[in-house]
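A closer look at the structure
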Amino acid sequence: MKQTIRDFDFKGRTALVRCDFNVPLDAEGNITDDTRIVGALPTIQYLVSHGARVILMSHLGRPKGEPKKEFSLAPVAADLAKKLGRHVWFQSVETVLGDEVRAHAASLAPGDVMLLENTRFRKEEDDKDKEVQAPFARQLAALADVFVNDAFGTAHRHHASTAGVADYIPAVMGFLIEKELKYLGEALENPKRPLVAILGGAKVSDKILIIENLIKKVDALLIGGGMAYTFLKSEGYEIGRSLLDADGLGLAQKLLADAKAGGVEFLLPVDVKAAAAFDNDAPSGICKISEIPADMQGLDIGPETARLFAEKIAGAGTVLWNGPMGVFEMPNFADGTIAVAKAMAESGAVTLIGGGDSAAAAAQFGFAGRMSHVSTGGGASLEFIEGKALPGVEALDDKPV
Ligand code: AMP
């Protein structure tokens, strides 16, 4: 077990906190979605109320190691100050660290908060080589007594600010990472059963590791979205012009066999909504999977499939969903995705959404607030579901045994 902020006495100590302030900004630099800032507040408020001196850091976008004004964390500092109701000291320094930043960090009083500039302004931050990251990590660590990692969104990456700093000072996790690990960890290791996983999205090859790991854990696996057609094709169906991941065909067969051997129920679509073109306004219609016309492509699961999936969801103890059931960005092909989100929202199960597109869909259609947990980290939650260790968590200190 890894240590959390509850395991450390912060009184009079300086905490260096890695947040995920990677928020979307419009052309004028206005924050268009503050979910990630709101998500970071519990940890920051806990530290402030426990007498810590607080130094926050984060990346924003991909400045590729070059200081660029449009990737400055200045708008985050302003928004954060408003939300915390206290001053947040911020100086946009190209090097992230500088004499003034260091001097200010050293002069903080208990409860004071400052924010460093975008850690990705330094190319050492996310260099592939940990040795190259190390000097920057050491400089960051020198500012503080303890490292608090609360950025789940980057926990699957070993960067100077996500894992490197933990080499030099005590390191614990914040509330956000703790919550993510609790929900995802329990869903995979100790779920309320039956555990039903729903997977969608574009390509099978992208999700192989996830499917392989899930087959070992779930009671039922429901497959929709673009990747369903590769499975259907591998079962001998003609899929017309639907998305086919030709390289994934053999794998699809193997995964179906694995599921069968493991006693896992594996549900594929029984009907689809097929269209004449990849276009919302293209002529379209519902057809059985045995009757997909050669010149059409399936862009959503059909109503009978949606009904079957909803039935499985209603009977589940835990539901884990990743990947849309169709091209939900086009209103004419969003019904299957909406049906799954609605069934989850209405079920009494523990409901988890891992991953960007399904989280976006649940939010867009108004169901996000009715899920037990919507993961904030797309890539990180996927790697966790794959069963991989997350470097940003691995680097933290273990609880004493
Ligand atoms: P992923 O990033 O792999 O989760 O894929 C998400 C994308 O898959 C979304 O943008 C969907 O529009 C797309 N998608 C879902 N179903 C289909 C489909 N049947 N054909 C083509 N693309 C799809």
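These numbers were taken from a predicted model, which means no experiment stands behind them.

A few words now on the packing of aromatic side chains. A full pass over the atoms with the stated rule returns four aromatic pairs. Between Phe 8 and Phe 10 the ring centres are 4.9 Å apart and the planes differ by 55 degrees, which places this aromatic pair in the tilted class. Here Phe 231 and Phe 266 contribute two aromatic rings whose centre-to-centre distance is 5.3 Å and whose plane-to-plane angle is 50 degrees, an arrangement assigned as tilted. On the criterion of sequence distance, the pair formed by Phe 231 in helix α7 (residues 228–234) and Phe 266 in strand β9 (residues 265–267) is long-range, its members being 35 residues apart. As far as burial versus exposure is concerned, Phe 231 and Phe 266 are alike and both buried. Its guanidinium or amino end placed over the ring of Tyr 183, Lys 182 lies 4.7 Å from that ring's centre, counting from NZ or CZ. For the cation-ring pair, Lys 273 lies above Phe 333, with the distance from its terminal atom to the ring centre recorded as 5.5 Å.

Another aspect to go through is the domain arrangement of the protein chain. When cut into domains, the protein chain gives domain 1 (5–173) and domain 2 (181–386). Taken together, the contacts link six residues of domain 1 with nine residues of domain 2. Note on domain 1 versus domain 2: buried area summed over both sides is about 600 Å², and carbon and sulfur give 69% of it. For the pair domain 1 and domain 2, the number of links is one salt bridge. Applying the counting rule to domain 1 against domain 2 returns zero residue pairs in polar contact (both at pLDDT 80 or more). Per-class residue counts for the side of domain 1 that touches domain 2 are two nonpolar, two polar and two charged.

Rules of the game
- All residue numbers refer to positions counted from 1 along the written sequence of the respective chain.
- Restriction of local features to residues with pLDDT of at least 70 applies here, the model being predicted, together with a cutoff of 80 or more for giving and counting side-chain atom pairs; totals for whole chains, interfaces and linings are based on all residues.
- Side-chain measures here rest on the full set of heavy atoms in the structure, leaving out hydrogens and waters.
- A pair of aromatic rings is counted whenever rings of Phe, Tyr or Trp (Trp by its six-membered ring) have centres within 6.5 Å, and the orientation is called stacked for planes under 30 degrees apart, edge-to-face for over 60 and tilted otherwise.
- A run of H or I in DSSP becomes a helix once it reaches four residues, and a run of E becomes a strand once it reaches two; helices and strands are each numbered from the N terminus.
- Here's how the labels work: a residue is buried when its accessible area is under 20% of the maximum for its type, exposed when over 50%, partly exposed in between, all with a 1.4 Å probe on protein chains only.
- A ring is scored as having a charge over it whenever the NZ atom of a lysine or the CZ atom of an arginine sits within 6 Å of its centre and within 35 degrees of its normal.
- What fixes the domain bounds is an automatic or database domain assignment.
- Contacts are assigned to residue pairs with any non-hydrogen atoms lying within 4.5 Å of each other.
- Buried area counts how much accessible surface, traced with a 1.4 Å probe, disappears from two parts once they are put together, with both parts' losses summed.
- What counts as a salt bridge is simple: a side-chain nitrogen of Lys or Arg found within 4 Å of a carboxyl oxygen of Asp or Glu.
- We call two N or O atoms a polar contact when they sit within 3.5 Å, provided that within protein one can donate a hydrogen and the other can accept it, with sequence-adjacent residues counted only if both atoms are side-chain atoms.
- Classes in brief: Ala, Val, Leu, Ile, Met, Phe, Trp, Tyr, Cys and Pro nonpolar; Asp, Glu, Lys and Arg charged; the others, Gly included, polar.

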